[in-house]
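Spelled out, the chains give:
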Amino acid sequence: MTLLHTPLDALHRELGARMVPFAGYDMPVQYPAGIIKEHLQTREAAGLFDVSHMGQVVLSGPGSAELLETLVPADVLGLADNRQTYALLTNEAGGVLDDLIITRWGPETFFLVVNAACKEQDIAHLRAHLRGQTLEVLGDQALLALQGPAAREVMGRLCAETAALTFMSGARVSIDEVELYITCSGYTGEDGFELSLPAASADRVARLLLAQPEVEAIGLGARDSLRLEAGLCLYGHELSATIDPVQAGLVWSIGKARRPGGERAGGFPGAERIFHLIEHKPPLRRVGLAVDGKRPVREGQSVLDKRGEHVGEICSACFGASVGAPIAIAYVRRDFADPGTRLVVDVRGKPVAVTVAKMPFVAQRYFRG
């Protein structure tokens, strides 16, 4: 299969990135510094991520908010201009087709960012439900993420208007004469920003950001370990068409107006099933696992109780550089999901002791004003 390239492909190679196939793109998994140093760079200063492989689309036209509410359980109608919400595309069984970010750009205009691996099916799904609205795929836009405690100072230096942005808000701004849309968002647990900008200007803006003393380029490897420490779901791991929002611990993403008793309760795919699970609790829960010692555990490995019985399975795992130890996210039986519960992971026939831990593993530091 021929791999696609982001607008920063040449820059990645110039910086010595190790490139790997990811969601149909040739993407940087790490740079010469390595994943652990890149991870800590983002936690301690600022990291620049190329996320241009993700899908960017604009839904516009009368009834756009109402249309989105037939597809996701979020409160889209209640979203103010230049505000964002995390949302889930659900199916009739209550599972998740994808998770996405929805931003209201105007009365009948919404900017959506969807996962790279799901973007073709998401776009087809949205198109199949249009009722006179327009869906524009922004194929000539790049997407950059600047994350970390120094990100706000860096952005303020380059564009003073960004200082006022709080978590999950956005604005149209200009950086070095490049018009772009910036949001205070990201997927590392840190304060930071995402920049949607013309592909033709991406290299120029990326180099400007990398020229700031606090900023280094960060690859997909550290992006994964950062989101895992922050307790965030990754589609294809913690989320899938057979995993519901309740067992995933994402009931908070269902708007209050869309929940049972709300003014617009239900009306999205799988609502009855999801409401049933909210009331009666699913058999599995998503939990964090702190690993004893330094031996890593892996996705797909079985989680066992003290008698050796299977009680769950790991869906993501890594070395948590900020934690200083291996960590994991797993789905386990509800009766084994309380923090402090001692369990075992079967690592190629050898038991590795773990403890159910509260998530996030590190405190989230979003800027809320």
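Because the structure is predicted, anything quoted here is derived from the model rather than measured. Residue positions are counted from 1 within each chain, in the order its sequence is given. With pLDDT at 70 or above as the cut-off, local features in this predicted model cover only qualifying residues; side-chain atom pairs require 80 or more to be listed or tallied, and sums for whole chains, interfaces and linings still use all residues. Computation of side-chain values: all heavy atoms of the structure, hydrogens and water removed.

### Some details on the overall build of the protein chain
Phase 1: The helix and strand labels rest on DSSP assignments: H or I over at least four residues marks a helix, E over at least two residues marks a strand, and numbering proceeds from the N terminus. A count of helical and extended segments in the protein chain gives 8 helices and 19 strands.
Phase 2: Against the 2.2 N^0.38 benchmark of 21 Å for 369 residues, the protein chain shows a C-alpha radius of gyration of 21 Å, consistent with a compact globule.
Phase 3: Across its three principal directions, the C-alpha atoms of the protein chain cover 65 × 50 × 45 Å.
Phase 4: Per-residue burial over the protein chain gives 57% buried out of 369 residues.
Phase 5: Summarising the internal contacts of the protein chain: among those between residues at least 6 apart in sequence, 65% fall at separations of at least 24.
Phase 6: Surface accessibility in these figures is a Shrake-Rupley result with a 1.4 Å probe; residues are shielded only by whichever protein chains are displayed. Surface exposure of the protein chain reaches about 15,500 Å², of which carbon and sulfur atoms provide 53%.
Phase 7: In this tally, Lys and Arg are treated as positive and Asp and Glu as negative; His is ignored, and so are the chain termini. Lysine's charge is taken at NZ, arginine's at CZ, aspartate's at CG and glutamate's at CD. Treating the 37 positive side-chain charges of the protein chain as one cloud and the 44 negative ones as another, the clouds have centres 7 Å apart. Atoms counted for the radius of gyration: C-alpha only. Globule rule: 2.2 Å times residue count to the power 0.38. Note on exposure labels: buried denotes an accessible area under 20% of the residue type's maximum, exposed denotes more than 50%, and partly exposed covers the range between, all computed with a 1.4 Å probe on protein chains only. Contacts between residues were defined by any pair of non-hydrogen atoms, one from each residue, lying within 4.5 Å.

### So, the environment of Asp346
Phase 1: As for its placement among the helices and strands, Asp346 is situated in strand 18 (residues 342-347).
Phase 2: C-alpha separation for the pair Asp346 and Val297, spaced 49 residues apart in sequence, amounts to 8.4 Å.
Phase 3: Leave out the neighbours within four places in its chain, and Asp346 touches Gln301, Ser302 and Leu304.
Phase 4: Pairing of N or O atoms within 3.5 Å defines a polar contact, subject to two protein rules: one partner must be a possible hydrogen donor and the other a possible acceptor, and residues neighboring in sequence count only if both atoms are side-chain atoms. A distance of 2.8 Å separates the side chain of Asp346 from the backbone nitrogen of Gly349, its partner in a polar contact.

### Regarding the nonpolar core
Buried together is how nonpolar side chains tend to be arranged in soluble globular proteins.
Phase 1: Among the nonpolar cores identified, the biggest contains 27 residues, and Leu144, Leu146, Leu195 and Leu209 are the most heavily contacted of them.
Phase 2: Among the elements that take part in this core, helix 6 (residues 199-210) stands out by supplying 4 residues, more than any other.
Phase 3: Residue types Ala, Val, Leu, Ile, Met, Phe, Trp, Tyr and Cys, when buried and joined through side-chain atoms within 4.5 Å, form a set referred to as a nonpolar core. One finds Leu89, Leu100, Ile123 and Leu126 within the second-largest nonpolar core, a separate group that totals 20 residues.

### Regarding the sheet that holds strand 6 (residues 96-106)
Phase 1: What makes two strands pair is DSSP finding at least two bridges between them. Read across the sheet, 5 strands follow the order 5-6-7-4-8 without closing on themselves; strand pairing throughout is antiparallel. In the strand order of this sheet, the two ends are held by strand 5 (84-90) and strand 8 (134-137), each with one partner. In this sheet, neighbouring strand axes are inclined to one another by 30 degrees on average, regardless of whether the strands run parallel or antiparallel.
Phase 2: Sheet topology note: the strand 6/strand 7 (residues 109-114) ladder contains 6 bridges and is antiparallel. Bridge pairing links Gly106 to Thr109 in strand 7.
Phase 3: Fitted lines through C-alpha atoms serve as axes, helices being fitted only where they are in contact, and the angles separating the N-to-C directions of these axes extend from 0 to 180 degrees. Taken strand by strand, helix 4 (residues 119-128) contacts strand 4 (55-60), strand 5, strand 6, strand 7 and strand 8, and its axis lies near 165 degrees from that of strand 8.

### A closer look at the packing of aromatic side chains
Phase 1: Side-chain rings of Phe, Tyr and Trp (the six-membered ring for Trp) are treated as a pair once their centres are within 6.5 Å; stacked means planes under 30 degrees apart, edge-to-face means over 60, and tilted covers the remaining angles. Counted under the stated rule, the structure contains 6 aromatic pairs.
Phase 2: Measuring from ring centre to ring centre gives 4.7 Å for Trp105 and Phe111, while their planes differ by 15 degrees; the resulting arrangement is stacked.
Phase 3: Ring centres of Phe268 and Phe275 lie 5.8 Å apart, and the angle between their planes is 85 degrees; on these two criteria the pair is classed as edge-to-face. The pair Phe268 / Phe275 is uniform in exposure class, with both members buried.
Phase 4: Here the aromatic cluster, defined as three or more aromatic residues joined through ring pairs, consists of Trp105, Phe111 and Tyr181.
Phase 5: Throughout this description, the term charge over a ring refers to an Arg CZ or Lys NZ atom that lies within 6 Å of the ring centre and within 35 degrees of the ring normal. Just above the ring of Trp105 sits the side chain of Arg172; from NZ or CZ to the centre is 4.3 Å.

### Some points on helix 5 (residues 151-158)
An α-helix turns once every 3.6 residues. As a result, residues three or four positions apart point the same way.
Phase 1: For helix 5, every residue scored as buried is listed here: Ala151, Arg152, Val154 and Met155. One side of helix 5 carries all its buried residues, which in axial view fall inside an arc of 160 degrees. For this quantity, the arc is that covered by the directions from the helix axis to the C-beta atoms.

### A look at the packing of helix 2 (residues 35-44) against helix 7 (residues 220-229)
Phase 1: At a minimum axis separation of 8 Å, helix 2 and helix 7 run at an interaxial angle of 55 degrees. Overall, the two elements helix 2 and helix 7 adopt an arrangement that is oblique. The two elements helix 2 and helix 7 cross, and the hand of that crossing is right-handed. Facing Ile35, Glu38, His39, Thr42 and Arg43 of helix 2, the residues of helix 7 in contact are Gly221, Ala222, Ser225, Leu226 and Glu229.
Phase 2: Of the residues in the contact of helix 2 with helix 7, the class split is 3 nonpolar, 4 polar and 3 charged. Any angle between 65 and 115 degrees counts as roughly perpendicular, while under 35 counts as roughly parallel, over 145 as roughly antiparallel, and the rest as oblique. Handedness of a helix crossing follows the sense of rotation of the near helix relative to the far helix, less than a right angle counterclockwise being left-handed and clockwise being right-handed. Charged means Asp, Glu, Lys or Arg here, nonpolar means Ala, Val, Leu, Ile, Met, Phe, Trp, Tyr, Cys or Pro, and polar covers whatever is left, Gly included.

### Some words on the environment of Gly148
Phase 1: Of note, Gly148 is situated in the loop between strand 9 (141-147) and helix 5.
Phase 2: Residue classification places Gly148 among the buried residues on the basis of a relative accessible area of 0%.
Phase 3: Measuring from C-alpha to C-alpha, the distance between Gly148 and Glu190 comes to 5.2 Å, with 42 residues separating the pair along the chain.
Phase 4: Ignoring anything within four residues of it in the chain, the contact list for Gly148 reads Thr42, Ala45, Ala46, Glu190 and Asp191.

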